[in-house]
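Chain residues, written in single-letter form:
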Amino acid sequence: MLIAVDFDGTIVEHKYPQIGREIPFAVDTLKRLIQDGHRLILWTIRHGETLQEAVDWCKERGLEFWSVNSDYAEQDIKVEERSPKVKCDMYIDDRNVGGLPDWGTIYNMITNNLSYETLNPALQSEDSGRKKKKKGWLF
């Protein structure tokens with residue numbers, strides 16, 4: 001899979017423009033996903049010097065992305081430009097509906113093709129197995 005991964009709040013704690021502490025197991029999990037054959041995009045609003053700092057921070061820990069803020073590695077993105085929207089199979093971002101699961105859960109979801117709802121039965125309603133009656137346009 002091609003997976004876009006946010007930086008601030010996802011790999012590290014939010015401290016922008018500084019770099020926060022690593023979120024537990026983020027780097028190890030991402031490196032394992034790369035070993036498993038997934039291509040990872042660093043997908044962040046950082047640009048210019050702060051983007052380079054994030055890329056360097058990751059490289060210092062042995063985490064090298066397939067591309068940075070672009071759909072494919074060969075795309076020429078100027079460091080000064082803001083992040084474009086990337087096309088991928090999955091986004092990992094702390095701003096998801098429901099927030100960021102822990103990195104063990106994320107790895108389990110990706111490697112076993114599971115949904116977050118499958119891993120968290122509390123999210124399923126009592127009648128999730130029954131066909132719901134279509135109400136109206138909005139509800």
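Above: the structure in question.
Everything numeric here is computed off the predicted structure, so don't read it as measured data.

**Q** Is there a simple way to explain the overall build of the protein chain in this structure?
**A** A count of helical and extended segments in the protein chain gives four helices and four strands. Walking the protein chain from its N terminus toward its C terminus, one meets helices and strands in the order β-α-β-α-β-β-α-α. Buried residues in the protein chain amount to 35% of all 139 residues. For the protein chain, contacts bridging at least 24 residues in sequence account for 65% of all contacts bridging at least 6. Here the protein chain has roughly 9300 Å² of accessible surface; of this, 50% comes from carbon and sulfur atoms.

**Q** Just to check I follow, could you spell out the packing of aromatic side chains for this structure?
**A** Each aromatic ring pair is summarised here by two numbers: the centre-to-centre distance and the angle between the ring planes. Summed over all chains, the structure comprises two aromatic pairs. An angle of 80° between the planes, with centres 5.8 Å apart, marks the rings of phenylalanine 7 and tryptophan 57 as edge-to-face. Of this pair, phenylalanine 7 sits in the loop between β1 (2-5) and α1 (26-35) while tryptophan 57 sits in helix α2 (residues 48-60), and the two are 50 residues apart along the sequence. Overall, the relative accessible area of 0% leaves phenylalanine 7 in the buried class. Measuring from ring centre to ring centre gives 4.7 Å for tryptophan 43 and tyrosine 91, while their planes differ by 50°; the resulting arrangement is tilted. Of the two residues, tryptophan 43 is situated in the loop between β2 (39-42) and α2 and tyrosine 91 in strand β4 (residues 90-92); the sequence distance between them amounts to 48 residues. Given the relative accessible area of 32%, tyrosine 91 is considered partly exposed.

**Q** Would you explain unusual backbone geometry in this entry?
**A** When glycine is set aside, most residues are seen to have a negative phi, and most peptide bonds are trans. That bond from tyrosine 16 to proline 17 is cis: its omega, 10°, falls within 30 degrees of zero. With respect to the helices and strands, proline 17 occurs in the loop between β1 and α1. One non-glycine residue, asparagine 69, lies in the positive phi region at around 55°. Judged by relative accessible area, which is 1%, asparagine 69 ranks as buried. A positive phi is found at asparagine 113, a non-glycine position, where the angle reads about 50°. As for its position among the elements, asparagine 113 is in the loop between α3 (103-112) and α4 (116-119).

**Q** Sorry if this is basic, but what is going on with the nonpolar core here?
**A** One broad rule of soluble globular proteins: the nonpolar side chains tend to lie buried together. Val5, Phe7, Ile11, Leu30, Phe65 and Trp103 are the most contacted members of the largest nonpolar core, which has 24 residues in total. Secondary structure elements with two or more residues in this core: β1, α1, β2, α2 and α3. It is α2 that provides the largest number of residues to this core, a total of five residues. In this structure, phenylalanine 7 is in contact with Val12, Ile19, Leu42, Trp43, Thr44, Arg46, Ala54, Trp57 and Cys58, ignoring residues within four places of it in sequence.

**Q** Is there a simple way to explain α2 in this structure?
**A** An α-helix turns once every 3.6 residues. As a result, residues three or four positions apart point the same way. Compared with an ideal rise of 1.5 Å per residue, which puts 13 residues at 18 Å, α2 spans 18 Å between its outermost C-alpha atoms and is within 8% of the ideal. By the burial criterion, the buried members of α2 are Gly48, Thr50, Leu51, Ala54, Val55, Trp57 and Cys58. Residues of α2 that are buried make contact with α1, β2 and β3 (67-68). Trailing α2 by a residue or two, glycine 62 shows a phi angle of about 80°, which is positive.

**Q** Please clarify how the packing of α1 against α3 should be interpreted in this entry.
**A** Each packed pair of helices is defined by two parameters, the angle between the axes and the distance between the axes. Contact geometry for α1 and α3: axes closest at 9 Å, N-to-C directions at 15°. Put simply, α1 runs roughly parallel to α3. For the pair α1 and α3, the sense of crossing is right-handed. Across the interface between the two elements, Ala26, Thr29, Leu30, Arg32 and Leu33 of α1 pack against Trp103, Tyr107 and Ile110 of α3. For the contact of α1 with α3, the per-class residue count stands at six nonpolar, one polar and one charged.

Reading the values: the criteria
Residues numbered from 1 in each chain as written. Predicted model: local features only at pLDDT ≥ 70, side-chain atom pairs only at ≥ 80, totals over all residues. Heavy atoms only, no water. Helix = DSSP H or I, 4+ residues; strand = E, 2+ residues; numbered from the N terminus. Buried < 20%, exposed > 50% of the residue type's maximum accessible area, 1.4 Å probe, protein only. Contact = heavy atoms within 4.5 Å. Areas by Shrake-Rupley, 256 points an atom, 1.4 Å probe, with all protein chains shown as cover. Phe/Tyr/Trp six-rings, centres within 6.5 Å; stacked < 30°, edge-to-face > 60°. Core = buried A, V, L, I, M, F, W, Y, C linked by side-chain atoms within 4.5 Å. Expected span 1.5 Å × (residues − 1). Axes fitted to C-alpha atoms, helices over the stretch in contact; angles between N-to-C directions. Parallel < 35°, antiparallel > 145°, perpendicular 65-115°, else oblique. Left-handed = near helix turned anticlockwise from the far one by under 90°. Nonpolar A, V, L, I, M, F, W, Y, C, P; charged D, E, K, R; others polar.

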